[in-house]
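Observations on chain architecture
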Amino acid sequence: MKHASAFMLLLALSILTVGPLAQATSYAPPRQQEVSSPNGAFVLDVNPETKQATLYKADAKKQALWSFSRPMWQERFFVADDGQSVAVLAWKHVRVFALSNAALEFYTAKGKLRAYAYQDLVAHPAAQRGIGPIGPFWREWFDSAGSDGKTLSLVTSGPHAYRFDLATGAMEEESFAPLGGSLWILGVLLLHVGILLIFRWR
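Definitions and cut-offs
Residues numbered from 1 in each chain as written. Predicted model: local features only at pLDDT ≥ 70, side-chain atom pairs only at ≥ 80, totals over all residues. Heavy atoms only, no water. Pairing = 2+ DSSP bridges. Helix = DSSP H or I, 4+ residues; strand = E, 2+ residues; numbered from the N terminus. Axes fitted to C-alpha atoms, helices over the stretch in contact; angles between N-to-C directions. Polar contact = N/O pair within 3.5 Å; in protein donor to acceptor, adjacent residues only side chain to side chain. Contact = heavy atoms within 4.5 Å. Phe/Tyr/Trp six-rings, centres within 6.5 Å; stacked < 30°, edge-to-face > 60°. Buried < 20%, exposed > 50% of the residue type's maximum accessible area, 1.4 Å probe, protein only. 1 Å grid on protein atoms, 1.4 Å probe; cavity = no way out; pocket = protein on both sides within 12 Å on 5 of 7 lines; lining within 4 Å. Points joined across faces, edges and corners; volume = space filled by probe spheres on them. Nonpolar A, V, L, I, M, F, W, Y, C, P; charged D, E, K, R; others polar. Core = buried A, V, L, I, M, F, W, Y, C linked by side-chain atoms within 4.5 Å.

As summarised here, the arrangement of the 4 strands in space is β1-β2-β3-β4, forming an open sheet in which the pairing is antiparallel. Two strands close off the open sheet at either side, each with one partner strand: β1 (33-36) and β4 (60-69). Between one strand axis and the next, the sheet turns by 30° as a mean value, whatever way the strands run. Pairing geometry for strand β2 (residues 42-47) and strand β3 (residues 52-57), over 6 bridges, is antiparallel. Bridge pairing in β3 places aspartate 45 opposite threonine 54.

What follows is the structure, given as structure tokens:
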């Protein structure tokens, strides 16, 4: 009876930690979009086809202020309230063998200002926890991100959260992410506990 109970516990914990990996979907190519600064003064035209991001004043969209080029997929763009800089946050899904690539970049009219690799921000990104790309090598590296026009806030999948200065790209603050952003760690720990209990009950 003990062995049966231990087996059921282990099965439940396995589903908790590994189950989300079974969910997957495909993604359509990104479309051209406009991203506004929080104060609404500036608009960034993002064109994946031309790999060009161009900044305009919201009330003068025919006159480009500055632009930059880069490959574009499912990134998120954050425009500073003064129109002097743009942060580019990589897609939340990343392959485990690509952690040395750039995850967060800052651009100005002079070009790329600063960049941070995935491994600089989250050494061990969480396993796929919901619907996402197909393959066990995929990870989710951040939970949420937002900007107030002057700073960019980023909560990784564990265990850190950051705040960056949009003007300089400098990291202003580093802290521990909320527990809710790293529930996968709890699941893995519980799985290990279940395995130990099986051996103890033998």
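Back to the text.
This brings us to the sheet that holds strand β14 (residues 160-165). Note: strands within a sheet are paired through backbone hydrogen bonds, in either parallel or antiparallel orientation. Pairing within the open sheet is antiparallel, and its 4 strands lie in the order β12-β13-β14-β15. The sheet is open, and its two borders are formed by β12 (142-147) and β15 (171-176), each paired with just one other strand. Pairwise comparison of adjacent strand axes, ignoring direction, gives a mean angle of 15° for this sheet. Sheet analysis places β12 next to strand β13 (residues 151-156), joined by 5 bridges and oriented antiparallel. The partner of serine 147 across the bridge, within β13, is leucine 152.

Secondary-structure assignment places serine 37 in the loop between β1 and β2. There is a polar contact of 3.3 Å between the side chain of serine 37 and the backbone nitrogen of alanine 41. Ignoring sequence-local partners within four residues, the contact set of serine 37 consists of Phe42, Val79, Ala80 and Asp81.

Applying the stated criterion across every chain yields a total of 12 aromatic pairs. Relative to tyrosine 107, the ring of phenylalanine 68 has its centre 4.1 Å away and its plane inclined at 10°; by these criteria the two rings are stacked. Of this pair, phenylalanine 68 sits in strand β4 while tyrosine 107 sits in strand β8 (residues 102-108); the two residues are 39 residues apart in sequence, bridging distant segments of the chain. The exposure classification of phenylalanine 68 matches that of tyrosine 107, with both residues buried. Through pairs of rings, three or more aromatic residues link up here, namely Trp73, Trp91, Phe97, Phe137 and Trp138.

Quick look at the side chain of aspartate 45 now. Within the secondary structure, aspartate 45 sits in strand β2. Setting aside anything within four residues of it in sequence, one finds aspartate 45 in contact with Gln32, Gln33, Glu34, Gln52, Ala53, Thr54 and Tyr56.

Over the atoms rolls a probe the size of a water molecule, and in doing so it shows where empty space is left. Reported here for the largest pocket is a volume of approximately 290 Å³. Only β6 (86-89), β7 (93-95) and β8 provide two or more residues apiece to the lining of the largest pocket. With 4 residues, the top contributor of residues to the lining of the largest pocket is β8. Split by residue class, the lining of the largest pocket holds 14 nonpolar, 3 polar and 4 charged.

Here is a general trend for soluble globular proteins: nonpolar side chains tend to be buried in one another's company. The biggest cluster of nonpolar side chains holds 23 residues, and the ones touching the most others in it are Leu104, Leu121, Trp141, Leu154 and Phe164. Listing elements by their share of this core, those giving two or more residues are β6, β8, α2 (118-121), β12, β13 and β14. The element best represented in this core is β8, accounting for 3 residues. Once residues within four sequence positions are removed from consideration, leucine 104 is found in contact with Ala87, Val88, Leu89, Arg114, Ala115, Tyr116, Leu121, Leu152 and Phe164. Of all hydrophobic cores here, the second largest spans 14 residues; its members include Phe42, Leu44, Ala53 and Val86.

A few words now on unusual backbone geometry. Excluding glycine, residues mostly carry a negative phi; peptide bonds, for their part, are mostly trans. At the junction of glycine 158 and proline 159, the peptide bond is cis and its omega measures out at -5° in the coordinates. We note that lysine 51 has phi near 60°; this positive angle belongs to a residue other than glycine. Relative to the elements of secondary structure, lysine 51 occurs in the loop between β2 and β3. On the accessibility criterion, lysine 51 (45% relative accessible area) is partly exposed.

Bringing the pairing of β3 into the picture now. The turn joining β2 and β3, which pair antiparallel and follow one another in sequence, is formed by 4 residues; a positive phi near 60° is taken by lysine 51. What sits between the antiparallel neighbours β3 and β4 is a turn of 2 residues.

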